[in-house]
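# Coordinate inspection notes
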Amino acid sequence: MKPESDRRTFLARIGLLGAAVAAGGLLAPAGGRAQTLDDVVAGLRPVLGELARDTLNGLVVMTCPGPDAYSKAQGTPRGEPGALEARATDFMITSLDHFVPFPDQLGAALAQGLAAGLDGSGVVLPGSLAGLPLGSVRTLDDALTTLLGNNATLPLSSVVALLLNLVATQANPASVNGLFLSPFARLSFADKCRAFELLEGPDPDLLSTLDSKAPAPFTETLSGVLRFLAGALFEVSAYGSYGEWGVYDAKAKTITRRPVGWELSGYQPDGVVHGWDEFKGYYQGRKKVAN
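Residues numbered from 1 in each chain as written. Predicted model: local features only at pLDDT ≥ 70, side-chain atom pairs only at ≥ 80, totals over all residues. Heavy atoms only, no water.

## Overview of the packing of helix H5 (residues 88-98) against helix H9 (residues 156-171)
Our working definition: Helix axes use the C-alpha atoms of the stretch in contact, all axes being lines fitted to C-alpha atoms, and the angles between their N-to-C directions lie in the range 0 to 180 degrees. In this text, helices come from DSSP runs of H or I with a minimum length of four residues, and strands from runs of E with a minimum of two, each type numbered from the N-terminal end. If an angle is under 35 degrees, it is roughly parallel; if it is over 145, roughly antiparallel; if it lies from 65 to 115, roughly perpendicular; otherwise it is oblique. The contact rule is simple, with two residues in contact once any of their heavy atoms fall within 4.5 Å. Polar here means any residue other than Ala, Val, Leu, Ile, Met, Phe, Trp, Tyr, Cys and Pro, which are nonpolar, and Asp, Glu, Lys and Arg, which are charged; Gly is therefore polar.
Packing of H5 against H9 leaves a shortest axis separation of 7 Å and a crossing angle of 110 degrees. The orientation of H5 relative to H9 falls into the category roughly perpendicular. Along the contact surface, H5 presents Ile93, Leu96 and Asp97, while H9 presents Leu156, Ser157 and Val160. Taken together, the residues of the contact of H5 with H9 sort by class into four nonpolar, one polar and one charged.

Here's what the structure looks like:
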């Protein structure tokens with residue numbers, strides 16, 4: 001069994017320990033009775049959801065910063081509306097959870113790799129987290145392993161968030177504590193770029209660890225999948241920021257207001273145009289041809 005300090009360090013590095021404490025009650029026995037693993041698994045789901053949203057808020061402002069707190073925290077605030085006003089985070093969560101395939105075996109391999117990453121991290125926890133009851137930490141760790149072991153019970157947005165937070169603490173160990181729930185959202189823009197370098201690098205330690213835990217046929221291919229995922233995160237983020245998804249009314253089949261991306265790019269400055277007159281007549285006034 002792994003040392004308890006390693007368990008706490010791992011949970012803090014992926015942002016889960018701080019998020020669970022912020023959610024309140026998850027680590028404390030409910031009504032004085034001991035919490036079962038099922039209790040903690042059920043309580044962990046909404047915590048993971050909040051952690052994923054916070055992490056992805058920190059991601060989408062990389063491609064389209066605005067006047068929000070996440071853009072300010074990364075050091076690139078702008079006066080005009082950005083990704084958060086465009087609801088790019090909602091677009092990311094919907095896309096990752098419902099449209100991106102993620103095999104069960106790959107989810108289990110990623111869980112094993114993430115768990116293996118707790119060994120020898122050397123990240124010092126804030127004092128308030130270090131004093132948590134060891135039994136509750138162990139249960140939280142077991143609950144996460146249970147959820148990660150089957151992707152049918154854990155949305156991909158949460159898996160992505162855990163992965164981003166893990167590399168965030170590699171890019172800057174101080175990100176285990178601070179504003180926001182997630183370590184990734186606490187990073188500066190330069191540190192976020194450094195975190196993606198670690199994820200996409202040719203042979204980073206993290207990917208080597210994940211590869212070694214992947215079952216066949218994913219052995220030696222998981223790193224490539226994660227590199228693709230890292231690139232796709234930026235593409236989906238930009239698409240959600242500049243598209244119409246956030247203001248599209250599916251029932252009325254129209255947009256409810258001018259999209260943020262249109263404003264930023266100057267697209268359709270005079271409002272929506274329902275087609276153009278494209279037929280200009282026949283070439284040189286011709287009315288017919290012989291053959």
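## A word on the pattern of salt bridges
Definition in use: Any carboxyl oxygen of Asp or Glu that lies within 4 Å of a side-chain nitrogen of Lys or Arg is treated as forming a salt bridge with it. Categorising residues by exposure relies on relative accessible area from a 1.4 Å probe, with only protein chains included: less than 20% of the type maximum marks a residue as buried, more than 50% marks it as exposed, and the intermediate range marks it as partly exposed.
Across all of its chains, the model carries five salt bridges by this definition. We note a salt bridge from Arg194 to Glu197, for which the minimum N-O separation is 3.4 Å. Taken together, the residues span about one helical turn, with Arg194 and Glu197 both in helix H10 (residues 189-200) at a distance of three residues. On the accessibility criterion, Arg194 (40% relative accessible area) is partly exposed. What makes Glu197 partly exposed here is its relative accessible area of 49%. Where salt bridges share partners, they join Arg53, Arg87 and Asp90 into one cluster.

## Comments concerning the nonpolar core
To keep things clear, this is the line we draw: Residues grouped as a nonpolar core are buried Ala, Val, Leu, Ile, Met, Phe, Trp, Tyr and Cys residues, joined through side-chain atoms within 4.5 Å.
Core analysis: the biggest nonpolar cluster contains 56 residues, and Leu11, Leu16, Leu44, Leu59, Leu144, Phe184 and Leu233 have the highest contact counts within it. At the level of elements, helix H1 (4-13), helix H2 (16-23), helix H3 (37-63), H5, helix H8 (134-148), H9, H10 and helix H12 (222-242) are the ones that each hand at least two residues to this core.

## As for the side chain of Ser237
Note on placement: Ser237 falls in helix H12. By relative accessible area, Ser237 is classed as buried at 0%. With residues up to four places along the chain from it excluded, the contact list for Ser237 reads Leu59, Val60, Thr63, Ala88 and Met92.

## Regarding the environment of Pro183
Inspection of the secondary structure puts Pro183 in the loop between H9 and H10. A residue is classified by how much of its surface remains accessible, and Pro183, at 0% relative accessible area, is buried. Linking Pro183 and Leu16, residues 167 residues apart in sequence, is a C-alpha distance of 9.6 Å. Setting aside residues up to four positions removed in sequence, Pro183 forms contacts with Ala12, Arg13, Gly15, Asn165, Ala168, Thr169 and Ser175.

## Some remarks on the environment of Pro65
Its location among the elements puts Pro65 in the loop between H3 and helix H4 (69-74). Relative accessible area serves as the criterion here: at 17%, Pro65 is assigned to the buried category. A sequence separation of 13 residues divides Pro65 from Arg78, and the C-alpha atoms of the two residues are 6.3 Å apart. Those residues in contact with Pro65 that sit more than four places away from it in its chain are Ser71, Gln74, Thr76, Arg78, Glu80 and Gly82.

## Looking at the side chain of Arg186
For clarity, the threshold we go by: Note that His is not counted, nor are the chain ends; the positive residues are Lys and Arg, and the negative ones are Asp and Glu. We define a polar contact as two N or O atoms separated by no more than 3.5 Å, with the added condition that, inside protein, one atom must be a possible hydrogen donor and the other a possible acceptor, whereas residues neighbouring each other in sequence contribute only through side-chain atom pairs.
Within the fold, Arg186 resides in the loop between H9 and H10. Buried charge without a salt bridge: Arg186, with Asp54 as the nearest opposite-charge side chain at an N-O distance of 6.4 Å. Of note is the side chain of Arg186, whose polar atom sits 3.4 Å from the backbone oxygen of Gly178. In this structure, Arg186 is in contact with Ser175, Val176, Asn177, Gly178, Leu179, Phe180 and Leu181, ignoring residues within four places of it in sequence.

## Topic: the packing of aromatic side chains
Stated formally: Pairs were defined over the aromatic rings of Phe, Tyr and Trp, the Trp ring being its six-membered one, requiring ring centres within 6.5 Å. Orientation was assigned from the angle between planes: stacked under 30 degrees, edge-to-face over 60, tilted for the rest.
All told, the structure shown has six aromatic pairs when counted by the stated rule. Ring geometry for Phe91 versus Trp245: centroids 5.6 Å apart, planes at 70 degrees, classification edge-to-face. Separated by 154 residues along the polypeptide, Phe91 in helix H5 and Trp245 in the loop between H12 and strand E1 (248-249) bring together distant segments of the chain. Of the residues examined, Phe91 reaches a relative accessible area of 10% and is grouped as buried. Geometrically, the ring pair formed by Trp262 and Tyr267 is edge-to-face, given 5.1 Å between the ring centres and 80 degrees between the ring planes. By relative accessible area, Trp262 is classed as buried at 9%. Given a relative accessible area of 44%, Tyr267 falls into the partly exposed group. Taken together, the ring pairs connect Phe91, Tyr239 and Trp245 into an aromatic cluster.

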